[in-house]
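Geometric and topological summary
Each chain, written out:
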Amino acid sequence: SMLVALVRGELGGPALAAALDADWLAAREGSFLLLASPTIDAVVASSLARRVGNPRARRLLLIGERMLPAEAALELGVADSLVAAEVDSLKWVHEWLSARSARALLAGAGLIRRRGGDVLERAEFARLFSEGVPRRGLRMFLDKRSLDFSDDLEVVTI
């Protein structure tokens, strides 16, 4: 499975820790990640360290802003995408996922979680090529069609 989190408004505490642990973190324009309010939350700190690495997490938590705006979160590598304020969240997630191969996304999420390195990455790409996943996307590209993998997609809101 792959977990996509979308931050809207102000998010802190356990909910922020869960969002930071997601495979993909999208933040809506104008939203804020509450890294510390009023003190540093250990669960948020550990999730932030997993996402951006210990040195950057320490800098963010100790000398950074307590309320990190979505735009800054994207620039600092805390968030992966910035969602326009006027866009419907569920529609954005569906469109974002539909333009990508579900198999490739799942493979990428698994590689990131396992931190397997080059050998595991090469094996995963070989598996995807043997299943024809890149061929399907390449065919759409060569036919000048927009990438659409929506038939492989099931979006569940939790």
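An account of the accompanying structure is given in this report.

Here is what the cut-offs are and how they apply
- Residues numbered from 1 in each chain as written.
- Predicted model: local features only at pLDDT ≥ 70, side-chain atom pairs only at ≥ 80, totals over all residues.
- Heavy atoms only, no water.
- Pairing = 2+ DSSP bridges.
- Helix = DSSP H or I, 4+ residues; strand = E, 2+ residues; numbered from the N terminus.
- Axes fitted to C-alpha atoms, helices over the stretch in contact; angles between N-to-C directions.
- Contact = heavy atoms within 4.5 Å.
- Patch = residues over 30% accessible without salt bridge, like charges linked within 9 Å, V, L, I, M, F, W, Y side chains within 5 Å.
- Areas by Shrake-Rupley, 256 points an atom, 1.4 Å probe, with all protein chains shown as cover.
- Salt bridge = Lys/Arg side-chain N within 4 Å of Asp/Glu carboxyl O.
- Buried < 20%, exposed > 50% of the residue type's maximum accessible area, 1.4 Å probe, protein only.
- Parallel < 35°, antiparallel > 145°, perpendicular 65-115°, else oblique.
- Left-handed = near helix turned anticlockwise from the far one by under 90°.
- Nonpolar A, V, L, I, M, F, W, Y, C, P; charged D, E, K, R; others polar.

**Quick word on the sheet that holds strand β5 (residues 67-69)**
In spatial order, the strands read β2-β4-β5; together these three strands make up an open sheet with mixed pairing. Because the sheet does not close on itself, it has two edges, and the strands there are β2 (10-12) and β5. Strand-to-strand twist of the sheet, defined as the mean angle between neighbouring strand axes without regard to direction, takes the value 25°. Bridge analysis of β2 against strand β4 (residues 32-34) gives three bridges, and the strand direction is parallel. Its bridge partner lying in β4, Leu11 is registered against Leu33. Sheet strands touched by helix α1 (residues 13-20): β2 and β4. Its angle to β2, the strand with the most contacts, is close to 90°.

**Some details on the sheet that holds strand β3 (residues 24-28)**
Reading across from one edge, β1-β3-β6 is the order of the three strands in this open sheet, with parallel pairing throughout. Strands at the two margins of the open sheet, each flanked by one partner only, are β1 (4-7) and β6 (81-83). Taking each pair of neighbouring strands and ignoring which way they run, the sheet shows an average axis angle of 25°. Pairing geometry for β1 and β3, over four bridges, is parallel. Counterpart to Val7 in the pairing with β3 is Ala27.

**Some remarks on a nonpolar patch on the surface**
Together, Ile40, Leu62 and Ile63 give the surface a local cluster of nonpolar side chains, amounting to about 330 Å² of exposed area. Within the element layout of this structure, Leu62 appears in helix α3 (residues 54-63). Taking the relative accessible area as the measure of exposure, Leu62 reaches 60% and is therefore exposed.

**Digging into the packing of helix α2 (residues 42-52) against α3**
One way to put it is that α2 packs onto α3 with a least axis distance of 7 Å and a crossing angle of 135°. Between α2 and α3, the interaxial angle falls into the category oblique. The hand of the α2/α3 crossing is right-handed. Residue-level contacts link Ala45, Leu48, Ala49 and Val52 of α2 to Asn54, Arg56, Ala57, Leu60 and Leu61 of α3. Residues that form the contact of α2 with α3 fall into these classes: seven nonpolar, one polar and one charged.

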